[in-house]
Amino acid sequence: MKDKTAIVTGGTRGIGRAIVLELARNGCNVVFNYSKSDELANTLVKEVESHGVKVVAKKVDVSDFEAAKNMVKDVKDEFGQIDYLVNNAGITKDKLLALMGENDWDDVINTNLKSVYNFSKAVIMTMIKQKRGNILNITSVSGIAGVAGQVNYSSSKAGMIGFTKSLAKEVGKANINVNAIACGFIETDMTSSLPDEYKKKMTDMTSLKRFGTPEEVAKIALFLLSDDAKYITGHVLTVDGGLAI
Ligand code: NAP
């Protein structure tokens, strides 16, 4: 991946952060975004630079169409190419539907699903002109099996799966791969606040009897982005320790 350029959304924490570092370790220049902590972003920039690649951090809300377009334009202007897009940024606002407000629905759909449209739309003409590209969407087993209390999140993640398959059919002829990773329970800030009793129940339901690590997801992401996986497209690879069996 030397001299290639990747955009990773939601790079400052958890799975996105691990993917940024895994790409950097493999010689890839990385541009990542985030919406809150400049401090986390600056720390990651320093860590990525130690791998001898170029890195840019952008404070951009993924749900903002114009901001995503401008960010991608800046990447194109600076690096001249966009080889990989990882749509990773995501949030949860779990509630039973009876208690779920309009904002809980809109925020999750806009951050998790509209963002995938925003960034994919912004990169796609560049990738088509290059006749090369790879888009990877980080979705969830919640979008496959459904989870009570997550109608907003499950809908966004199921939407990402439909998006992945449809776009793969559109752009295969331009040598562009589009895949998804459906994560089970991964040790990040997103899952750390879950009640201990629920975590234990989910661990028991997971065949490997543990949560996964962001680094384990990042290794699979690297594979799907690499030329070793060039004949895989439109695929949803479950990385869940056997949760969804
Ligand atoms: P996380 O630790 O909460 O990190 C989320 C990242 O996304 C942060 O860097 C955050 O940065 C960024 N982000 C959130 N909203 C954003 C916005 N509006 N604009 C820009 N960046 C934004 O989450 P994670 O567990 O690593 O999850 C990463 C992805 O994996 C998500 O799509 C999630 O749905 C999916 N996933 C996770 C699990 C799991 O068990 N952890 C399971 C299945 C799927 P800021 O805070 O600065 O905005």
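See the structure shown above.
The notes below deal with the structure included here. For clarity, every value in this text was computed on a predicted model and none was experimentally measured.

When its secondary structure is counted, the protein shows 9 helices and 7 strands. Counting over 245 residues, the protein shows a buried share of 50%. Counting contacts in the protein only where the partners sit at least 6 residues apart, residues at least 24 apart contribute 75% of the total. When the accessible surface of the protein is totalled, it reaches about 11,800 Å², and 53% of it is carbon and sulfur. Mean positive and mean negative side-chain charge positions of the protein (31 and 29 charges, respectively) differ by 5 Å.

With their axes 9 Å apart at the nearest point, helix α3 (residues 65–79) and helix α4 (residues 102–130) run at an angle of 35° to one another. Crossing of α3 over α4 shows right-handed handedness. Two secondary-structure elements touch here, α3 through Phe 65, Ala 68, Lys 69, Met 71, Val 72 and Lys 76 and α4 through Lys 114, Tyr 117, Asn 118, Phe 119, Lys 121, Ala 122, Val 123 and Thr 126. Looking at the contact of α3 with α4 residue by residue, the class counts come to 8 nonpolar, 2 polar and 4 charged.

Moving on: the site of the ligand. Within the structure, the ligand sits among 31 residues, and Arg 13, Ser 35, Asn 88, Tyr 153 and Thr 188 are positioned closest to it. Between the ligand and Gly 10, the relevant distance is 3.4 Å, taken from an oxygen atom to a main-chain nitrogen or oxygen of the residue. In this structure, Val 62 approaches the ligand through a main-chain N or O atom, which is 3.0 Å from a nitrogen atom. Across the complex, the protein chains shield 96% of the 880 Å² of accessible surface that the ligand would expose by itself. When contributions to the shell around the ligand are tallied by element, the ones reaching two or more residues are α1 (14–25), β5 (133–140), α6 (151–171) and α7 (189–192). Looking at the shell around the ligand, its residues break down into 12 nonpolar, 14 polar and 5 charged.

Of the two faces of strand β1 (residues 5–8), the one lined by Thr 5 and Ile 7 and the one lined by Ala 6 and Val 8 are each fully buried. Alignment of β1 against strand β2 (residues 29–34), held across 4 bridges, turns out to be parallel. Residue pairing across strands places Thr 5 opposite Asn 29, the latter belonging to β2. As for the winding sense of the linkage, the β-α-β connection from β1 through α1 to β2 is right-handed. Relative to strand β4 (residues 84–87), β1 runs parallel, the two sharing 3 bridges. Bridged to Ile 7 within β4 is Leu 85.

Once that is clear, we can look at the pattern of salt bridges. Charged atoms that come close allow side chains of opposite charge to pair. Within the structure shown, the criterion is met by 14 salt bridges. Among the ionic contacts, a cluster of salt bridges with common partners joins Glu 22, Arg 25 and Lys 219.

Definitions and cut-offs
Residues numbered from 1 in each chain as written. Predicted model: local features only at pLDDT ≥ 70, side-chain atom pairs only at ≥ 80, totals over all residues. Heavy atoms only, no water. Helix = DSSP H or I, 4+ residues; strand = E, 2+ residues; numbered from the N terminus. Buried < 20%, exposed > 50% of the residue type's maximum accessible area, 1.4 Å probe, protein only. Contact = heavy atoms within 4.5 Å. Areas by Shrake-Rupley, 256 points an atom, 1.4 Å probe, with all protein chains shown as cover. Lys, Arg positive; Asp, Glu negative; His and termini not counted. Charge placed at Lys NZ, Arg CZ, Asp CG, Glu CD. Axes fitted to C-alpha atoms, helices over the stretch in contact; angles between N-to-C directions. Left-handed = near helix turned anticlockwise from the far one by under 90°. Nonpolar A, V, L, I, M, F, W, Y, C, P; charged D, E, K, R; others polar. Near = heavy atom within 4 Å. Polar contact = N/O pair within 3.5 Å; in protein donor to acceptor, adjacent residues only side chain to side chain. Pairing = 2+ DSSP bridges. Right-handed = clockwise from strand over helix to strand, strands pointing away. Salt bridge = Lys/Arg side-chain N within 4 Å of Asp/Glu carboxyl O.

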